[in-house]
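Read off the chains here:
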Amino acid sequence: MNVQEKIRQQLVNDKIVLYMKGTPQFPQCGFSAKASQLLSSCGAKYASYDILLDSEIRQGLKEYSSWPTFPQLYIDGELVGGCDIMIEMFQKGELQKLVTRAMG
């Protein structure tokens, strides 16, 4: 399985996926910490992947999404965006709606 197939499989396996630096319990950057806090505030049940542990996934995601930075949030297999977009959506109540809909 190549890296693009692996990423697609991860996105199929879970409705909400956060690719981040570190883990929700031990984030390795402020943006990743904020992203996981926002998802927790929405009551999201999500999968997270530490891109610092897998350079192949880290590089593959940049190509997969055409989005160069992390964290990257995917809901229902679609890229939502990074931390700044998540903050903006949360402030407008949009992130909560997306999460609720995805968790069905």
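The structure contained in this document is the topic of the report that follows. (Residues numbered from 1 in each chain as written. Predicted model: local features only at pLDDT ≥ 70, side-chain atom pairs only at ≥ 80, totals over all residues. Heavy atoms only, no water.)

Focus: the packing of aromatic side chains
Note the following rule: Aromatic pairs are defined between Phe, Tyr and Trp rings, using the six-membered ring for Trp, whenever the two ring centres lie within 6.5 Å; interplanar angles under 30 degrees are classed as stacked, those over 60 as edge-to-face, and all others as tilted. A run of H or I in DSSP counts as a helix once it spans at least four residues, and a run of E counts as a strand once it spans at least two, with each numbered from the N terminus. Burial classes follow relative accessibility: with a 1.4 Å probe on protein chains only, a residue under 20% of its type's maximum area counts as buried, one over 50% as exposed, and anything between as partly exposed.
All chains considered together, the criterion is met by three aromatic pairs. Measuring from centroid to centroid gives 5.8 Å for Y19 and Y74, while their planes differ by 90°, and the two rings are edge-to-face. With a gap of 55 residues between them, Y19 in strand 1 (residues 16-20) and Y74 in strand 3 (residues 72-75) connect regions that are remote in the sequence. The burial state of Y19 is the same as that of Y74; both residues are buried. Plain terms: the ring middles of Y64 and Y74 are 6.3 Å apart, the flat faces sit at 55° to each other, and that makes the pair tilted. Highlighted residues: Y64 in helix 3 (residues 55-65) and Y74 in strand 3, separated in sequence by 10 residues. Through a chain of ring-to-ring contacts, three or more aromatic side chains come together here, namely Y19, Y49, Y64 and Y74.

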